[in-house]
Structures are given as structure tokens and as C-alpha cells.
Amino acid sequence: MEDETWEMDPPASRGARWRMAAGQLEARGILDRRVLEAMSRIPRERFVPPEWAEAAYDDGPLPIGCDQTLSQPYMVAVMSELLELRGPERVLEIGAGSGYGAAVLGLLAARVVAVERIPQLLDEARERWRRLGLDHVVGAAGDGTLGWPPEAPYDAICVTAGAPAIPRPLIDQLRPGGVMVIPVGSRYIQGLWRVRRGRNGLLEVEKGLGCRFVPLLGRDGWKNP
Ligand code: SAH
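This text gives an overview of the structure that appears in the document. (Residues numbered from 1 in each chain as written. Predicted model: local features only at pLDDT ≥ 70, side-chain atom pairs only at ≥ 80, totals over all residues. Heavy atoms only, no water.)

### So, the pattern of salt bridges
Short version of the rule: Salt-bridge detection follows one rule: a side-chain nitrogen of Lys or Arg within 4 Å of a carboxyl oxygen of Asp or Glu. Think of it in three bands: with a 1.4 Å probe and only protein chains considered, a residue is buried below 20% of the maximum accessible area for its type, exposed above 50%, and partly exposed in between. Counting from the N terminus, the helices are the DSSP runs of H or I reaching at least four residues and the strands are the DSSP runs of E reaching at least two.
With the rule as written, the count across this model stands at 17 salt bridges. Ionic pairing is found between Arg 14 and Asp 9, a salt bridge with its closest N-O pair at 3.0 Å. Using a relative accessible area of 29% as the deciding quantity, one classes Arg 14 as partly exposed. Given a relative accessible area of 15%, Asp 9 falls into the buried group. Arg 168 serves as the salt-bridge partner of Asp 172, at 3.0 Å between the closest nitrogen and oxygen. In this pair, Asp 172 and Arg 168 are both assigned in helix α6 (residues 168–172), four residues apart and thus about one turn of the helix distant.

As C-alpha cells, this is what we get:
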């Protein structure tokens, strides 16, 4: 059914979403009401392969095909909260994957550009955003370590794959005063960094919790899969 559209906050999974928001997010210190509300509305079961739908609200990452994973709900919430979005922002996400993270960001900001290097994943993510009516969330195919120059600069950048270092193009495409959240470290373990680009051009880096993301592959990322 090509024209089937999907509801936000579908009643069938509402209870599971509320339990996730209360038990996994609020209970662990997520305070931003807009993040909690966004994640209480997006039907996460639509972003995973059908055989994983029942596990969609479990407290962990999920496989999405092509050797990639959808992050644990708590990690999506932490990253979204760190970006301090208030509504009017233009956001760049690197690593669209299933499209779930970008859909959450889409309820928090005015525009989201999500870059993905695996065409099949991007096609599926685009279809999900379309069905949910998220017309201001758009996909871009390519190497996200180069950012996405056509719509730069961005108020916020969310990198959802682990980087060896902060890719220079992403700093350049961040508006002065803007914030980037990025996992930086080895291929197997990273720290979640929040990078603020000062109005004087200086970068302020805060190092946060430990995490484990799939590698950011590309020119300014890891060189081989
Ligand atoms: N935010 C995603 C998480 C996906 S996992 C979600 O909500 O589902 C990380 C994704 O980053 C993978 O899909 C992987 O293919 C992608 N990726 C890795 N390196 C990339 C790069 N240089 N440019 C764009 N996408 C990249």
C-alpha cells in the first residue's frame, strides 16, 4: 500500500512509549519536556524491521539491516537534549540510518537534513518520514564527514556514528553559537562530546558519557569498513 500514511502517537503502542519515556528517559534524568514529548509521539516500531517491532521500546539498540543499528532510546534522548533545541533551528544529522533520530529532531526543530552513506537505508528512512508527514525532514545521500554544504550553516549538528576526531567540515558548517553532539574515540568505544562554537570562533568541548556507536566511515572519519 504505497499511499498508506502513519499516525503519530498510535494508540496501539502508546502504553509502551509512555513506559519508555518514564522508565528509561525521565527516570535517568532526561528533563527536557520537548524531548520526552517527541519520543512519546514517534512510533519507533515503524523504524525497525518488522521482526523487531515487538522489541522497539526495549532499553537497547536494535539492528536495522546493512550492519547498522538504531541507537538505544536513552542515547537518542541524551543527544537530542544536549542540542538544546527550542523550535526554530536548522539541524544537520550525520548517519540517518533508520530515520528515527531525525524524526525525533523533526519534532524539536524547524528543519532537519539527515545525511546517510548507505542508499538503501536512506530510501527507507525517507519513506518513513513521508508516511509520518515529516516534510521538513529531508535526506541527503553521501559522506557526512563532509557535512552538507548546500544548507549550511546549521544551528545544531548531531553525529550518530563514532568518529576518530571531529571532522573539520562539520565545525565549518556550524553557525557561531551553534552546538554539535558527536561520539569521539576508538572504533569500539567513544565518549559523547558536546562541541559549542563560540561567537569568537573558539571551540568549547565538554566530554560526556561513554558510548558505543557504529563507525563513522568517510574522508574525515574511519577510512575502511
Ligand atoms: N540516527 C540513526 C542511527 C544510525 S547508525 C537512527 O536513528 O537510526 C549510524 C549510521 O551512520 C549508519 O546508518 C551508517 O551507515 C551511517 N554512516 C556512517 N558513516 C557515515 C558517513 N560518513 N556519512 C553518512 N552516514 C554515515
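### Remarks on the nonpolar core
Spelled out, the test is: What we call a nonpolar core is a set of buried Ala, Val, Leu, Ile, Met, Phe, Trp, Tyr and Cys residues that are connected through their side-chain atoms within 4.5 Å.
With 53 residues, the main nonpolar core has Leu 25, Met 39, Tyr 100 and Trp 129 as its most contacted residues. In terms of residue count, the dominant contributor to this core is helix α3 (residues 73–82) (six residues). Leu 92, Ala 140, Ile 157 and Leu 170 belong to the second-largest nonpolar core, a separate cluster that totals 20 residues.

### Quick notes on the site of the ligand
We apply this condition: Near, as used in this document, describes a residue that has one of its heavy atoms within 4 Å of the molecule or strand being considered. Polar contacts, as counted here, are pairs of nitrogen or oxygen atoms within 3.5 Å of one another; within protein the pair requires one atom able to donate a hydrogen and one able to accept it, and residues that are adjacent in sequence qualify only if both atoms are side-chain atoms. Per-residue and other accessible areas were derived by the Shrake-Rupley procedure at a 1.4 Å probe size, with only the shown protein chains allowed to occlude residues. By the convention adopted, Pro, Cys, Tyr, Trp, Phe, Met, Ile, Leu, Val and Ala count as nonpolar, Lys, Arg, Asp and Glu as charged, and the other residues, Gly among them, as polar.
Contacts to the ligand come from 26 residues, most closely from Ser 98, Gly 101, Glu 116, Gly 144 and Leu 217. One nitrogen or oxygen atom from the side chain of Asp 143 is found 3.0 Å from a nitrogen atom belonging to the ligand. Contacts to the ligand include Gly 144, whose backbone N or O atom sits 2.7 Å from a nitrogen atom. When the ligand is considered free in solution it has 580 Å² of accessible area, and contact with the protein chains removes 99% of it. Breaking the shell around the ligand down by element, the ones donating at least two residues are β2 (68–70), α4 (100–106) and β4 (111–116). No other element matches the three residues that β2 contributes to the shell around the ligand. Of the residues that constitute the shell around the ligand, the class distribution is 11 nonpolar, 11 polar and four charged.

### So, unusual backbone geometry
Cis geometry is adopted by the peptide bond preceding Pro 153, which originates at Ala 152 and carries an omega value of 0°. Within the fold, Pro 153 resides in the loop between β5 (137–141) and β6 (154–159). Of note, the phi angle at Glu 84 is positive, near 50°, even though the residue is not glycine. Topologically, Glu 84 is positioned in the loop between α3 and β3 (90–94).

### Structural notes on the packing of aromatic side chains
For clarity, the threshold we go by: Paired rings are identified among Phe, Tyr and Trp, the last through its six-membered ring, by centres lying within 6.5 Å, and are further divided according to the angle between planes into stacked (under 30 degrees), edge-to-face (over 60) and tilted (the rest). Our definition puts a charge over a ring when NZ of Lys or CZ of Arg is within 6 Å of the ring centre and also within 35 degrees of the ring normal.
For the coordinates displayed, the defined rule picks out one aromatic pair. Between Phe 47 and Tyr 100, the aromatic rings sit 5.6 Å apart at their centres with planes inclined by 75°, giving edge-to-face as the arrangement. In this pair, Phe 47 is assigned in the loop between α2 (33–39) and β1 (62–65) and Tyr 100 in helix α4, connecting sequence segments 53 residues apart. Phe 47 sits in the buried class, given a relative accessible area of 0%. Judged by its relative accessible area of 0%, Tyr 100 falls in the buried class. The ring of Tyr 74 carries Arg 28 above its face, with NZ or CZ at 5.4 Å from the centroid. The lysine or arginine in question, Arg 44, covers the ring of Tyr 100, its NZ or CZ lying 4.9 Å from the ring centre.

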